[in-house]
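For reference, the chains in residue letters:
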Amino acid sequence: MFTFKPMKILIVEDEREMAKSIVQYLRQESYVCEVAYTSSDAEEKIMLHDYDCILLDITLPDGNGLKVLEKLKKERKLEGVIIISAKDSIEDRIQGLNLGADDYLPKPFHLAELSARVSAVIRRKRFEGNNTLKFHEIEVDLLGKSISVNGKTIDLTRKEYDLLLFLMSNKNRVVTKNAIAEHLSGDDAEVFDNFDFIYAHMKNLKKKLSESHCHDYIRTIYGLGYKFEP
Amino acid sequence: MKLLTRTVRNYVLFSALLLLIATPLFYFSIQWLFVNKMDGELRSHKNEFHELLPLLKTENDMDFFKRMNDEFVLKESQYLMQNDSFLTVDIIGAEENEIHPYRVLRTGVMIKGKPYQLQIQESMVDNGGLIGAIVVIQVSLIALLLLGFVIINRKLSNTIWQPFYNILDKLKQYQIDKDSSISLPQSATAEFRDLNLVISQLVNRNVEVFRSQKEFTENAAHELQTPLAICRSKLELLAQTKDLTQEQADLVGSLSDAMDRITRLNKDLLLLSKIESRQYLSLEEIEVKTVITKCLEVYQHKVQEKGLIVELSLEESSRIKANTVLLEVLITNIISNAIRHANNGGTVKIVSSNSGVTVSNSGDALEHPEKIFHRFHRESRTTFGSGLGLSIAKKICEVAGYDISYDYSSDMHNFRILFMAAATS
């Protein structure tokens, strides 16, 4: 379907431990990750290489990350930028998106969430026109937001669809119930004191998948979360 | 009591007391002086009479004298009075039926070997009138003097204290969270200049402390974001480690839960300080109903899980001008609070209109309803909230000029938000 070329990701983040975590997590998705700790470092790397996705922290020691964004815009290399910021101010969010960033993720985020956003950005960028995501017998129609197993569409609620896509974006990794709760509830929603609703959604999803003779890829890790593994 | 009233009151009290004591004292002393003078006159009349006595030789002379001087009354007496006596008596006038006070001197004389009582009398009517007039004039003079004194003092005090009242007005209007500095009226008086200076310094110091405290909360919450993010990411990586035992998985799970709580708490603190520093100012036309239905969608699973009955009475097309973020957070916090604290199988009621929103939920009465909007106040520790939701709601109402109140009636907790206050201002 397409040539297998590893995705290249640039992580612009001055906090070394944070950068290390991101790299470690994304590598499992077989992305090639490079790190820039300063904005000048980032600008240099941008000039030399093409990246599929750039994770940009906008509070950098040698200047505002938004300047890097402006530079990218000038160079017409502005594709697949996700701003990761500890500032979470509306102005930054609007300014960043206006400058052409694809997404904005306030710190502290779940790595699973970041990974899902990265794959969404890459899908948009790389597979233009091809809005399906395939995994063995499961096929996800990203535009129609529907899922079919063995070519037969199964009837999922919006939450169940979100849940499955989230797990698939983090396959082979344990996704904590906390990350799922935040992903399903949205940014500003207050998460309630238990995760019962996740269990309920998960139960329904698993039931619907098995009814369509889908292999059970979702493994439960008690007390911690779930893992989507082939 | 006003300072001015206090000083004037003292003056008036003193004056009244003075007037009360001085008037009778004055009256009696004048009278005493008059009576003294009259007694002297009567005594000289007596001497005159003794000088005249040798001249009155016949009965005819005596009658003539009596007729000429009606102030002398002679009566035969059994014995001779040795001492003179002065007294005041009322005597009925000869022609008019009037009683007049007279000053009388009674003494004894021997006329041709016979003892007589001589009474010399003088009317006091004229003198009495004079005393009255003098007293009235004197008293009204004193009264006028005091009145003038009070009025002048009052006027003077008013002008003297004017700068003080001006300063007081400025201080009353001053709000530390809105105004950065205070502009006090200039004064030529040294005391008020000093007061101005001291107040300005005090205000500036307080503003500095207030600002640094505000900044501290915001900075602290902000600085925590990065280590929190690192912690969270490391926990997720820990969850990925191979051959994770169930025991370890449980530990990582519990740590993740605690991490979530810290993150939420920090997020709320940051939001609170951002609202306080008025970072959400832009206004848009927002439909209240949309915000409420959107919020209910998010909490649908919780509503189902708790078996809550949601009663809605949302006015169509009720739009208000508000900041989107603030209104959403406000409504989300109030509704999620109601859902969180409603008893299982209970009711949540939401009524909205142009003028405001009321969110009610069934449940037992609170122990400390007065503390409901306090930061970190929780009636029970079993809930998972940050304890900041309602204080954020209150802060938003403060900033946006809404009115928020809580009451408990017929087993329902009611939170009422009134938008009207903002619309009129």
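What comes next concerns the included structure. Computed from a predicted model, the values in this text were never measured in an experiment. (Residues numbered from 1 in each chain as written. Chains lettered and ligands numbered in written order. Predicted model: local features only at pLDDT ≥ 70, side-chain atom pairs only at ≥ 80, totals over all residues.)

### Structural notes on the overall build of chain B
Helices and strands together make up the secondary structure of chain B, namely ten helices and eleven strands. Excluding contacts between residues fewer than 6 apart, the proportion of contacts in chain B whose partners are at least 24 apart in sequence is 66%. (Helix = DSSP H or I, 4+ residues; strand = E, 2+ residues; numbered from the N terminus. Contact = placed C-beta atoms within 7 Å.)

### Observations concerning the pairing of strand 13 (residues 218-221) of chain A
Of the pairings in the sheet, the one linking strand 13 of chain A to strand 14 (residues 225-228) of chain A comprises four bridges and is antiparallel in character. Its bridge partner being in strand 14 of chain A, A:Ile221 is matched across the sheet by A:Gly225. (Pairing = 2+ DSSP bridges.)

### A few points about the sheet that holds strand 3 (residues 53-57) of chain A
Residue and element names in this part refer to chain A. Strands sit in the order 2-1-3-6-7 across an open sheet of five strands; the sheet is parallel. The two strands at the open ends of the sheet, each matched to only one other strand, are strand 2 (32-36) and strand 7 (103-106). Each strand axis lies, on average, 20° off the axis of its neighbour in the sheet, ignoring direction. Here strand 1 (residues 8-12) runs beside strand 2; their pairing, made up of five bridges, is parallel. In the strand pairing of strand 2, Ile9 is matched with Cys33. Sheet strands touched by helix 3 (residues 65-74): strand 1, strand 3 and strand 6 (81-85). Its angle to strand 3, the strand with the most contacts, is close to 150°. (Axes fitted to C-alpha atoms, helices over the stretch in contact; angles between N-to-C directions.)

### Notes on the sheet that holds strand 4 (residues 114-123) of chain B
Residue and element names in this part refer to chain B. Strand order in this open sheet of four strands is 1-4-3-2, and the pairing throughout is antiparallel. Pairing within the sheet leaves two strands with one partner each, and these edge strands are strand 1 (72-76) and strand 2 (85-92). Ignoring which end each strand starts from, the neighbouring axes of this sheet average 35° apart. Judged from the ten bridges that link them, strand 3 (residues 99-111) and strand 4 form a sheet pairing that is antiparallel. Bridge assignment links Gly108 to a residue of strand 4, and that residue is Gln117.

### Some remarks on helix 6 (residues 158-168) of chain A
Burial in helix 6 of chain A covers these residues: A:Glu160, A:Leu163, A:Leu164, A:Phe166 and A:Leu167. Projected onto a plane normal to the axis of helix 6 of chain A, the buried residues spread over an arc of 160° and lie on a single side. (Buried ≥ 20, exposed ≤ 12 C-beta atoms within 10 Å, placed from the backbone. Arc of directions from axis to C-beta.)

### Structural notes on unusual backbone geometry
Residue and element names in this part refer to chain A. Residue Pro108 follows Lys107 across a cis peptide bond; omega there is -5°. With respect to the secondary-structure elements, Pro108 resides in the loop between strand 7 and helix 5 (111-126). Unusually for a residue other than glycine, His136 sits at a positive phi of about 45°. Mapped onto the fold, His136 is located in the loop between strand 8 (132-135) and strand 9 (138-141). Exposure remark for His136: the 11 C-beta atoms within 10 Å place this residue in the exposed category.

### Section: the environment of B:Glu276
Residue and element names in this part refer to chain B. Tracing the chain through its elements places Glu276 in helix 5 (residues 246-276). A C-alpha to C-alpha distance of 8.4 Å links Glu276 and Ile396, two positions 120 residues apart in sequence. Residues contacting Glu276, with those up to four places away along its chain left out, are Lys214 and Lys395.

### Considering the interface of chain B and chain A
Between chain B and chain A, the contact holds 34 residues from the first and 34 residues from the second. The set of elements that each furnish at least two residues to the side of chain B that touches chain A consists of helix 4 (190-240), helix 5, helix 7 (300-306) and helix 8 (324-341) of chain B. Residue contributions to the side of chain B that touches chain A peak at 13 residues, all from helix 4 of chain B. Of the residues that constitute the side of chain B that touches chain A, the class distribution is ten nonpolar, 14 polar and ten charged. (Nonpolar A, V, L, I, M, F, W, Y, C, P; charged D, E, K, R; others polar.)

### Description of the packing of helix 1 (residues 16-27) of chain A against helix 5 of chain A
Residue and element names in this part refer to chain A. Closest axis-to-axis distance for the helix 1/helix 5 pair is 10 Å, and the angle between their directions is 60°. In terms of their interaxial angle, helix 1 and helix 5 are classed as oblique. Crossing handedness for the pair helix 1 and helix 5: right-handed. Here Ser21, Ile22, Tyr25 and Leu26 of helix 1 lie close against helix 5, whose contacting residues are Leu111, Leu114, Ser115 and Val118. Of the residues in the contact of helix 1 with helix 5, the class split is six nonpolar, two polar and no charged. (Parallel < 35°, antiparallel > 145°, perpendicular 65-115°, else oblique. Left-handed = near helix turned anticlockwise from the far one by under 90°.)

### Considering the packing of helix 8 of chain B against helix 9 (residues 389-400) of chain B
All names here are of chain B. For the pair helix 8 and helix 9, interaxial distance at closest approach is 9 Å and the crossing angle is 145°. In terms of crossing hand, the pair formed by helix 8 and helix 9 is left-handed. Contacts from Leu326, Val329, Leu330, Asn333, Ile334, Ser336 and Asn337 in helix 8 reach Gly389, Leu390, Ile392, Ala393, Ile396 and Ala400 in helix 9. Of the residues in the contact of helix 8 with helix 9, the class split is nine nonpolar, four polar and no charged.

Any link to function would need more than the numbers given here.
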